[in-house]
Amino acid sequence: MAGRDSASLLVGLFLLFHTWRVWASVEVNMEDRVEVFRGAMAPIACIFTSSDGIGGVMIQWFYTGRQRIYHQDAFMNSMERGTQFTDRISVNRTAATGELMLTISDVQLEDEGEFICQIKSLSDGIGEGRTQLKVFEMPEIPSIEGVQTGIWVTSNNPSKIGSCEVKNGYPKPNVTWYRDNTPLQNTDDGVNVLTLITTESTQLFSIKSELSLQVVEEDKDALFYCEISYLVPEGTRMMETNRINITVYYPSSNIDAWVESPKGKIKEGDTVEIHCRGNGNPQPPFTFKHGDTEMTSDSNVLVLKDVTRLQNGVYHCSALNTETFEEITGNTSVVVNYLDPAVVIPGDSVISQGEELNATCNALSSLETHTAWFKNGEEISKGHTLMLKDAVFETAGTYVCVVTVPEIEGMETSGTLSVLVEGPPEISEPMVKAIEENVEKTVNLSCHAKGFPTPHITWTSSDGQVFKTVSHKTTEDGIHSVVRFTVTSDISVFCNASNDYGTDAVAFSIKAIIHTTTSATTTATTTVKAAAAIPPKKIKKEGSGVVIAVIIICILLLAILGSVLYFLYKKGKICGRSGKQDLTKEKSNKDNIVVEMKSDNTEEAVLLGVNGEKKALSDQGDEYLDVQK
């Protein structure tokens, strides 16, 4: 009986002990995951509760595989040497809350794994918590490259479209191909994606993905690109490559033909370009025909230079369908408009004054025309007919008819009509007929005479001179003549025009201006005084040339008379002198008979002796004064 009681007591004490242990266990709380970028700092928190407090527990941190990296007790704390975390971890603690913080600096990919925080209490037992550390690295910007050659839709196997590559990411990035925003996956309908994964020496991943596709004609306009998705601490991010387009080859089933230039209507002389284009790629070789004639062309362009109306018609271009081997054809029409040279009826004409002339101008054209008549660049009439009534000399000239096609810019032709008006000459009235000019100056006179036949012009003067012309030019309506001469005296000059029908004349009056200067004569006696200088003045003289000639003749006669008297004196035939009687009391051997000559053009008076010698007044002395008395 006593044995059974003792056993019951022991069992009760055992159960009481274990119940107390459950009540007094250590509690440890940790995050399931901590995510950081490579090279960043990773804080891992460990929060525990124990009745022994922070000072009554032993703390240990373990890395995957139970590798201890840190331990701490009431007396000391230390980091384990020789681990990958040595010198890169630190542990902070808060005594009041029982919170521990393990901090890992410069996190590397190999740090990824499970971290265990173990709390051992002397009275409460052992408690553990676990946190999974995840490390991330953003990949580089992805690249894409499309094939450079064309892809035929007739190929039996999928053709390579391009390749995408993304480098140095962690964890492994994912690559997805798109065609016009539609994702492409490996299927049995001609889509094949090949992915190559490379682990770099840094443990980062590089991905290269190649897309092969059974292309169709519609793919010629499709845009292909890659989408890169990768994990980061916040979740998932994505990047896209540039869009690429591929060259798709497919046979033509239809051909279009058109006139590329000129735009609008075509006229003779233009250069015409006819283009052909198939709806396939690449363009097939084309053959051009006009009727049954095969034309030489450059690729898909036919050039027709300096076209004429003979090149009107339908032009065909044809090619071979490389899939069905059937000939396909396209065509276009060419219409060449024309405008023949203008024909003027009648031709160049001669009419008399007062008569009438009607002329017509026509040009054959494929389009409606417009006709206008011009003279001297000014429009004078519209329509095909030109009517000239009551002709005068001003009617003469060249008339131009211009025929244009309003629908085509620059399409025009022209004809000319030369009209001459017969009649006696008519001299155009000069603007100035009376002229005053200095003597010895040159004068130009011009005269314009109208008439047909072309007048003959002569120049004459009032004193019977006939001048030679310096310019003689025939104009459209007559003749223009210029004469040049030197002014010597007052004169009238006549322009005389004549032809088979009559004459006409016009007179020019020329007044000569003479400049004279009068100066005083100084002598040796007091009876002659020097006169003040008189400024030159203009003196108009009528018939000055005749006066000058008379003066010269008189001087010559006086000189002859003086010579005769002197000769008789020497012979003693006058004044009762038999041989050597003196004419005066003094200096009978001197030639004392003098004549004073003055000229309007000299400042010095000259004495002319009877023997013809010239002597200055200053050299004569009293002898000159005696003769003057």
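Above this text is the structure in question.
Residues numbered from 1 in each chain as written. Predicted model: local features only at pLDDT ≥ 70, side-chain atom pairs only at ≥ 80, totals over all residues. Heavy atoms only, no water.

*Asks:* Mind showing me how you'd approach the state of the cysteines here?
*Replies:* Linking two cysteines covalently via their sulfur atoms produces the bond known as a disulfide. The full count for this structure, using the stated rule, is five disulfides. What pairs with C164 in a disulfide is C226, and their sulfur atoms sit 1.7 Å apart. On the sign convention where negative is left-handed, the bridge of C164 and C226, at about 100 degrees about the S-S bond, is right-handed. Taken together, the residues span a long stretch of sequence, with C164 in strand β13 (residues 159-169) and C226 in strand β18 (residues 224-232) at a distance of 62 residues. For the pair C164 and C226, one class covers both residues: buried. The disulfide bridge from C447 ends at C495, spanning 2.1 Å between sulfur atoms. Across the S-S bond of C447 and C495 the torsion is about -85 degrees, and the bridge reads as left-handed. A residue pair is termed long-range when its members are at least 10 positions apart, and C447 in strand β39 (residues 442-452) and C495 in strand β44 (residues 491-499) qualify at 48 residues. Relative accessible area serves as the criterion here: at 0%, C495 is assigned to the buried category. For the protein chain, the bonded cysteines connect in the pattern 1-2, 3-4, 5-6, 7-8, 9-10 when numbered consecutively along the sequence. (Disulfide = S-S within 2.5 Å. Helix = DSSP H or I, 4+ residues; strand = E, 2+ residues; numbered from the N terminus. Buried < 20%, exposed > 50% of the residue type's maximum accessible area, 1.4 Å probe, protein only.)

*Asks:* I would appreciate a short explanation of the side chain of D219 in the present structure.
*Replies:* Looking at the secondary structure, you find D219 in the loop between β17 (205-213) and β18. Ignoring any residue separated from it by four or fewer positions in sequence, one finds D219 in contact with R179, L213, Q214, F224, N245, I246 and V248. (Contact = heavy atoms within 4.5 Å.)

*Asks:* For this particular structure, what's the right way to read the sheet that holds strand β32 (residues 357-362)?
*Replies:* Each strand in a sheet pairs with another by means of backbone hydrogen bonds, the pair being arranged parallel or else antiparallel. Pairing is antiparallel across the open sheet formed by three strands, whose spatial order is β30-β32-β35. A single partner strand is all that each edge strand has here, and the edge strands are β30 (343-345) and β35 (385-388). With strand direction ignored, the average angle separating the axes of adjacent strands in the sheet is 15 degrees. Two strands pair when backbone bridges link them, and β32 and β35 are joined in this way by four bridges, in the antiparallel orientation. (Pairing = 2+ DSSP bridges. Axes fitted to C-alpha atoms, helices over the stretch in contact; angles between N-to-C directions.)

*Asks:* How should the nonpolar core be read in this particular structure?
*Replies:* General note: in soluble globular proteins, nonpolar side chains tend to be found buried as a group. Residues W61, I69, L102, I104, F115, I119 and L133 are the most contacted members of the largest nonpolar core, which totals 31 residues. Contributions of two or more residues to this core are made by β2 (33-37), β3 (42-49), β4 (57-63), β5 (67-72), β7 (89-94), β8 (99-104), β9 (113-121) and β10 (125-136). Setting aside its immediate chain neighbours within four residues, I119 contacts V26, V28, F48, V57, M58, I59, L100, G125, I126 and G127. Listed in part, the 25 residues of the second largest apolar core include V166, V215, Y230 and M239. (Core = buried A, V, L, I, M, F, W, Y, C linked by side-chain atoms within 4.5 Å.)

*Asks:* Even after reading the chapter, I still don't get the pairing of strand β19 (residues 235-240), so can you show me in this structure?
*Replies:* Moving residue by residue along a regular strand, the side chains alternate between the two faces of the sheet. Inspection of the sheet shows β18 paired to β19 by six bridges, in the antiparallel sense. When the sheet's bridge partners are listed, L231 is paired in β19 with T236. Taking the residues between adjacent antiparallel strands as the criterion, β18 and β19 are bridged by two residues.

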